[in-house]
Amino acid sequence: MPNGAISVSPEELRAAAGAADAISQDLQEAIATARRDIEAAGTAMKSWLIGPDMERVANDWGTALDELSKQIGGADPESAASRLRRTADGHEYNEDLTAQSFRVR
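Residues numbered from 1 in each chain as written. Predicted model: local features only at pLDDT ≥ 70, side-chain atom pairs only at ≥ 80, totals over all residues. Heavy atoms only, no water.

A. The arrangement of the overall build of the protein chain in detail. If you tally the helices and strands in the protein chain, you get 3 helices and 0 strands. Helices (α) and strands (β) of the protein chain occur, in sequence order from the N terminus, as α-α-α. At 22 Å, the protein chain has a C-alpha radius of gyration far larger than the 13 Å of a compact globule built from 105 residues. The principal-axis extents of the C-alpha atoms in the protein chain amount to approximately 80 × 30 × 15 Å. Evaluated residue by residue, the protein chain yields a buried proportion of 16% over its 105 residues. (Helix = DSSP H or I, 4+ residues; strand = E, 2+ residues; numbered from the N terminus. Rg over C-alpha atoms; globule rule 2.2 N^0.38 Å. Buried < 20%, exposed > 50% of the residue type's maximum accessible area, 1.4 Å probe, protein only.)

Here it is as structure tokens:
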């Protein structure tokens, strides 16, 4: 495209949304495993000074990483994947509307 213009098709947007969903799903499994492991370590070291800190880290980081996963993909309307799909839908709608305006009546 001339003058540095950008053109992205709805199909590419939907593919990016699918990739975001896959990344989010992969993150959920890794987050759950990491959270379980550090919670177990915190429980095992409960009588040590570090035990409560490990439990707090597991909770704080686990919550933050869960939120990150939701922001990337999934059904949440504010996730990146959902916004990409809405953008693709809007793009198609505008293209159809523009095409209709040029059709002979």
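B. Just the pattern of salt bridges, in detail. Applying the stated criterion across every chain yields a total of 6 salt bridges. Between K46 and E55 there is a salt bridge, and its shortest N-O distance comes to 3.0 Å. Look at K46 and you get partly exposed, because its relative accessible area is 49%. Between R56 and D53 there is a salt bridge whose closest N-O contact spans 2.2 Å. In this pair, R56 and D53 both sit in helix 2 (residues 50–72), 3 residues apart, roughly one turn of the helix. For R56, a relative accessible area of 46% gives the class partly exposed. Here the salt bridges share partners, and the residues they tie into one network are R14, D89 and E92. (Salt bridge = Lys/Arg side-chain N within 4 Å of Asp/Glu carboxyl O.)

C. Spatial organisation of helix 2. Its 23 residues give helix 2 an end-to-end C-alpha distance of 32 Å, which sits within 8% of 33 Å, the value for a rise of 1.5 Å per residue. Listed as buried for helix 2 are G51, M54, A58, G62 and S69. Against the buried residues of helix 2 lie helix 1 (10–44). (Expected span 1.5 Å × (residues − 1). Contact = heavy atoms within 4.5 Å.)

These results come straight from atomic positions and should not be treated as a statement about function.
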